[in-house]
Amino acid sequence: MDEFNASRHVGDDSPAQLPPPTPERVAEFFDFLKARIATARKYAPAARDYAMFRTLYHAGLRSEEASLLDRPDAHFSRGPFGKLHVRFGKGARTSGPRPRWVPMLDGLDLVLRWFLDDVRGKFPDSPALFADESGGNLHRGTIRNRLRYLMELEGRPATDRFSPHALRRACATHNYERGVDLVAIQQLLGHWTVSSTMRYVRPSATFIEDAYRRAVTTTLGELTAEKGSPA
């Protein structure tokens, strides 16, 4: 059973066995969405999809968390990058929602400012951040179906397609590969334990070699600086 059609408790809350999409694959998909904005029959839904899937990836949100965001949840003056107030973060079992603050990293603040200034007003007025054409919050199932539809339009083979939850796992993996502290990734994703976060991290096949090159480059740079400094 693939992760698109798996039962909800498996597909949405458990990491899939397949590795998440690579940074290059994610960038290609976002380039496709961005280009589509200019040619889509309806500008507003195409622009909303671009902003929404960028949010899923850069903020590491679950689809349900993104679907329940309201416009006042975007706090651009909070912290160095601005933050999203995820008021309905997933809690442990029956503990209820677990709110958290998520920074708008990698230019997400600019994307959301553009969306709120130029796009959101083309939908009916309501509190919802990512609204449907009636102004209501998009359902998480709709988000999953939109992603599937867009990847079909993109025309890539089935092996290059991914689910909304795979974008969340990609957020964890790509930040880890960039050297972000594992505890910081845990806080970003809203996990109770680091062990849960580790289940999301699937480094690339060249992760060891890439880490080695970064370490050697840093060491050589420090040695060169020391040799060049005056006695």
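In this text, all values refer to a predicted model and were calculated from it rather than measured experimentally. (Residues numbered from 1 in each chain as written. Predicted model: local features only at pLDDT ≥ 70, side-chain atom pairs only at ≥ 80, totals over all residues. Heavy atoms only, no water.)

**Q** Honestly, the overall build of the protein in this entry has me stumped. Any pointers?
**A** Along the backbone of the protein there are ten helices and three strands. Across the protein, helices and strands are ordered from the amino to the carboxyl terminus as α-α-α-α-β-β-β-α-α-α-α-α-α. Within the protein, the fraction of its 231 residues that count as buried is 43%. Partitioning the contacts of the protein with sequence separation of at least 6, the portion at a separation of at least 24 is 63%. When the accessible area of the protein is evaluated, it comes to approximately 12400 Å², of which 55% is carbon and sulfur surface. (Helix = DSSP H or I, 4+ residues; strand = E, 2+ residues; numbered from the N terminus. Buried < 20%, exposed > 50% of the residue type's maximum accessible area, 1.4 Å probe, protein only. Contact = heavy atoms within 4.5 Å. Areas by Shrake-Rupley, 256 points an atom, 1.4 Å probe, with all protein chains shown as cover.)

**Q** Just to check I follow, could you spell out the sheet that holds strand β3 (residues 100-103) for this structure?
**A** Strand-to-strand pairing in sheets goes through backbone hydrogen bonds, with the strands running parallel or antiparallel. Spatial ordering of the open sheet is given by β1-β2-β3, a layout of three strands whose pairing is antiparallel. Lying at the two open borders of the sheet, with one neighbouring strand each, are β1 (74-75) and β3. The pairing of β1 with strand β2 (residues 83-86) spans two bridges and is antiparallel. Each bridged residue has a counterpart across the sheet, and for alanine 74 the counterpart in β2 is leucine 84. (Pairing = 2+ DSSP bridges.)

**Q** Looking at this model, I keep getting lost on the packing of aromatic side chains. Mind explaining?
**A** For any pair of aromatic rings, the description rests on two quantities: the centre-to-centre distance and the angle between the ring planes. Under the definition given, this model contains seven aromatic pairs. A ring pair is formed by phenylalanine 29 and phenylalanine 162, whose centres lie 5.5 Å apart and whose planes are at 85°; its orientation type is edge-to-face. Taken together, the residues span a long stretch of sequence, with phenylalanine 29 in helix α2 (residues 23-37) and phenylalanine 162 in the loop between α6 (140-154) and α7 (164-177) at a distance of 133 residues. A single burial state applies to phenylalanine 29 and to phenylalanine 162, both of which are buried. Ring geometry for phenylalanine 30 against tyrosine 57: centres 5.9 Å apart, planes inclined by 55°, an arrangement best described as tilted. (Phe/Tyr/Trp six-rings, centres within 6.5 Å; stacked < 30°, edge-to-face > 60°.)

**Q** Any chance you could explain the nonpolar core here in plain terms?
**A** Nonpolar side chains tend to gather and get buried jointly when the protein is soluble and globular. One finds Phe29, Phe30, Phe53, Leu61, Leu84 and Phe130 to be the most contacted residues of the largest nonpolar core, which totals 51 residues. Of all the secondary-structure elements, those providing two or more residues to this core are α2, α3 (43-59), β2, α5 (108-119), α6, α7 and α8 (182-189). For phenylalanine 30, the residues in contact, after removing those within four places along its chain, are Tyr50, Phe53, Arg54 and Tyr57. (Core = buried A, V, L, I, M, F, W, Y, C linked by side-chain atoms within 4.5 Å.)

**Q** Looking at this model, I keep getting lost on empty space enclosed by the protein. Mind explaining?
**A** Unfilled space is identified by rolling a water-sized probe across the atoms. For the structure shown, the criterion picks out one cavity of 30 Å³ or more. As a volume, the largest cavity reaches approximately 50 Å³. In this structure, the largest cavity is lined by Tyr57, His58, Leu105, Asp106, Cys171, Asn175 and Arg178. Elements with a contribution of two residues or more to the lining of the largest cavity: α3 and α7. Residue composition of the lining of the largest cavity, grouped by class: three nonpolar, two polar and two charged. (1 Å grid on protein atoms, 1.4 Å probe; cavity = no way out; pocket = protein on both sides within 12 Å on 5 of 7 lines; lining within 4 Å. Points joined across faces, edges and corners; volume = space filled by probe spheres on them. Nonpolar A, V, L, I, M, F, W, Y, C, P; charged D, E, K, R; others polar.)

**Q** Even after reading the chapter, I still don't get the environment of glutamate 133, so can you show me in this structure?
**A** Locating glutamate 133 in the fold gives a position in the loop between α5 and α6. Put simply, glutamate 133 and lysine 122 are eleven residues apart on the chain and 9.1 Å apart in space, counted from C-alpha to C-alpha. For glutamate 133, the residues in contact, after removing those within four places along its chain, are Lys42, Pro45, Phe123 and Pro124. Among the polar contacts listed, one links the side chain of glutamate 133 to the side chain of lysine 42, at a separation of 3.2 Å. (Polar contact = N/O pair within 3.5 Å; in protein donor to acceptor, adjacent residues only side chain to side chain.)

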